[in-house]
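Tertiary structure, described
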Protein chains: 2
Amino acid sequence: MEKLSKELIGASSTPIILSILTKNESYGYEIIQNIKEITGGKIEFGEGTLYPVLHKLEKKGLIQSSWKVAESGRKRKYYKISNEGKKELKIEKENWNTINQIISKIWKVEPNLI
Amino acid sequence: MEKLSKELIGASSTPIILSILTKNESYGYEIIQNIKEITGGKIEFGEGTLYPVLHKLEKKGLIQSSWKVAESGRKRKYYKISNEGKKELKIEKENWNTINQIISKIWKVEPNLI
DNA sequence: TTTTTATACATCGAACTTCTATGTATATTT
DNA sequence: AAATATACATAGAAGTTCGATGTATAAAAA
């Protein structure tokens, strides 16, 4: 089992990013490493993929950014989740449960709530 | 809980269609009704959405089509799954399990195999 | 009988997505 | 001094969903 399909990546990227930002503020480059780590390399975002997603989420008001200077002296754009984003994450979780119930039924196995 | 997001639809459309065709041959219009029924209206494909997906799957060799005339006298394009399609469905199921384990972990609940 | 609805296929263009490539810049390591 | 890692950003290619539109025929309703 290798890398996941583009479609599955697309469906999971928003809830995964919002979940990460629920735990801590973070910035693009770190989020990429983080996702790679927690998925055991099964999801690897390129920078050209993740940054536009972050911009989209910010534009929709689900996350907010602010430039900060790290101890290293490097500038980083930190993102935090907004209240809107928390609501959206809740909806996304419900949607994920729904689709799981649907495909569980189609594949005739027990549905699994997440 | 209403209709599912475009992304989730996109991620699930291929496995759902292949699963339907694993049970019986079917044709576009019927597949649309079928999906609407088994998902309780949560997934509703428009014709302009489903037909291109079927064409794509056929082009990739996952399904095969043949025109037939129904008892009603109506012409229908029936699709059946190919061996390639069966292999693909297996992979898609594995991928679905993988992503479920990943997001289960992220959301800190027990992982659930489908 | 004429009109409407349901069935059945197809394509187009708008909007959006992912991905690879490219560009810029700075800190750290070799 | 050079190479690598960190950090952000955008552009263009390819692919997707979706509503709109078009064609055609069978069944149902007016």
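Conventions used here
Residues numbered from 1 in each chain as written. Chains lettered and ligands numbered in written order. Predicted model: local features only at pLDDT ≥ 70, side-chain atom pairs only at ≥ 80, totals over all residues. Heavy atoms only, no water. Pairing = 2+ DSSP bridges. Helix = DSSP H or I, 4+ residues; strand = E, 2+ residues; numbered from the N terminus. Contact = heavy atoms within 4.5 Å. Axes fitted to C-alpha atoms, helices over the stretch in contact; angles between N-to-C directions. UniProt positions renumbered as here; feature names shortened; annotations may be inferred. 1 Å grid on protein atoms, 1.4 Å probe; cavity = no way out; pocket = protein on both sides within 12 Å on 5 of 7 lines; lining within 4 Å. Points joined across faces, edges and corners; volume = space filled by probe spheres on them. Phe/Tyr/Trp six-rings, centres within 6.5 Å; stacked < 30°, edge-to-face > 60°. Buried < 20%, exposed > 50% of the residue type's maximum accessible area, 1.4 Å probe, protein only. Lys NZ or Arg CZ within 6 Å of the ring centre and 35° of its normal. Least-squares fit on C-alpha atoms with pLDDT ≥ 70 in both. Buried area = accessible area lost by both parts, 1.4 Å probe. Salt bridge = Lys/Arg side-chain N within 4 Å of Asp/Glu carboxyl O. Polar contact = N/O pair within 3.5 Å; in protein donor to acceptor, adjacent residues only side chain to side chain. Nonpolar A, V, L, I, M, F, W, Y, C, P; charged D, E, K, R; others polar.

1. Things to note about the sheet that holds strand S1 (residues 26–27) of chain A
Residue and element names in this part refer to chain A.
- Taken in spatial order, the three strands line up as S1-S3-S2 in an open sheet, and their pairing is antiparallel. One side of each edge strand has no neighbouring strand; the edge strands of this open sheet are S1 and strand S2 (63–69).
- Judged from the seven bridges that link them, S2 and strand S3 (residues 75–81) form a sheet pairing that is antiparallel. Looking at the pairing, Val 69 lines up with Lys 75 of S3.
- Contacts from helix H3 (residues 47–59) reach S2 and S3, with the element oriented near 120 degrees to S2.

2. Regarding the UniProt feature "domain: Transcription regulator PadR N-terminal" (unreviewed entry) in chain A
- If you check UniProt for "domain: Transcription regulator PadR N-terminal" (unreviewed entry), the listed places come out as residues 17–90 of chain A in our numbering.
- Annotated as 53% helix and 22% strand, the span residues 17–90 of chain A places its first and last C-alpha atoms 13 Å apart.

3. Quick notes on the layout of surface pockets
- Space inside the largest pocket adds up to approximately 610 Å³.
- Lining of the largest pocket is provided by 34 residues; of these, Lys 6, Glu 7, Leu 8, Gly 10 and Ala 11 of chain B occupy positions nearest its centre.
- Only helix H1 (6–23), H3 and helix H4 (83–106) of chain A together with helix H1 (6–23), helix H3 (47–59) and helix H4 (83–106) of chain B provide two or more residues apiece to the lining of the largest pocket.
- Ranked by residue count, the leading element in the lining of the largest pocket is H1 of chain B, at nine residues.

4. A short note on the packing of aromatic side chains
- As enumerated under the stated definition, the model contains three aromatic pairs over all chains in all.
- Considering the side-chain rings of Trp 96 of chain A and Trp 96 of chain B, the 6.2 Å spacing of their centres and the 10 degrees angle between planes classify their relative orientation as stacked. Separated into two different chains, Trp 96 of chain A in helix H4 and Trp 96 of chain B in helix H4 make up a pair that spans both.
- Taking the relative accessible area as the measure of exposure, Trp 96 of chain B reaches 1% and is therefore buried.
- Summarising the aromatic geometry, the rings of Tyr 27 of chain B and Tyr 78 of chain B are spaced 5.2 Å apart at their centres and angled 65 degrees between planes, so their arrangement reads as edge-to-face. Placement of the pair is Tyr 27 of chain B in strand S1 (residues 26–27) and Tyr 78 of chain B in strand S3 (residues 75–81), with a sequence separation of 51 residues.
- Judged by relative accessible area, Tyr 27 of chain B falls into the buried class, the value being 14%.
- By relative accessible area, Tyr 78 of chain B is classed as buried at 16%.
- The side chain of Lys 68 of chain A reaches across the aromatic face of Tyr 78 of chain A, ending 5.5 Å from its centre.
- Positioned above the aromatic ring of Trp 67 of chain A, the side-chain terminus of Lys 75 of chain A is 5.7 Å from the ring centre.

5. Details of the relation of the copies chain A and chain B
- Once turned by 180 degrees and shifted 0.0 Å along the axis, chain A lies on chain B with an RMSD of 0.0 Å. The two molecules are tied by a two-fold rotation axis, judged by turn and shift.
- Most of the interface of chain A is mirrored in chain B, where 100% of its interface residues again form contacts.

6. What about the interface of chain A and chain B?
- If you look at the interface, chain A gives 35 residues, while chain B gives 35 residues.
- When chain A packs against chain B, close to 3400 Å² is buried across both sides, 74% of that on carbon and sulfur atoms.
- Linking chain A to chain B there are zero salt bridges.
- Here chain A and chain B share nine residue pairs in polar contact (both at pLDDT 80 or more) between them.
- Elements with a contribution of two residues or more to the side of chain A that touches chain B: H1 and H4 of chain A.
- Among the elements that line the side of chain A that touches chain B, the one with the most residues is H4 of chain A, at 13 residues.
- Here the residues of the side of chain A that touches chain B are counted per class, giving 18 nonpolar, 10 polar and seven charged.

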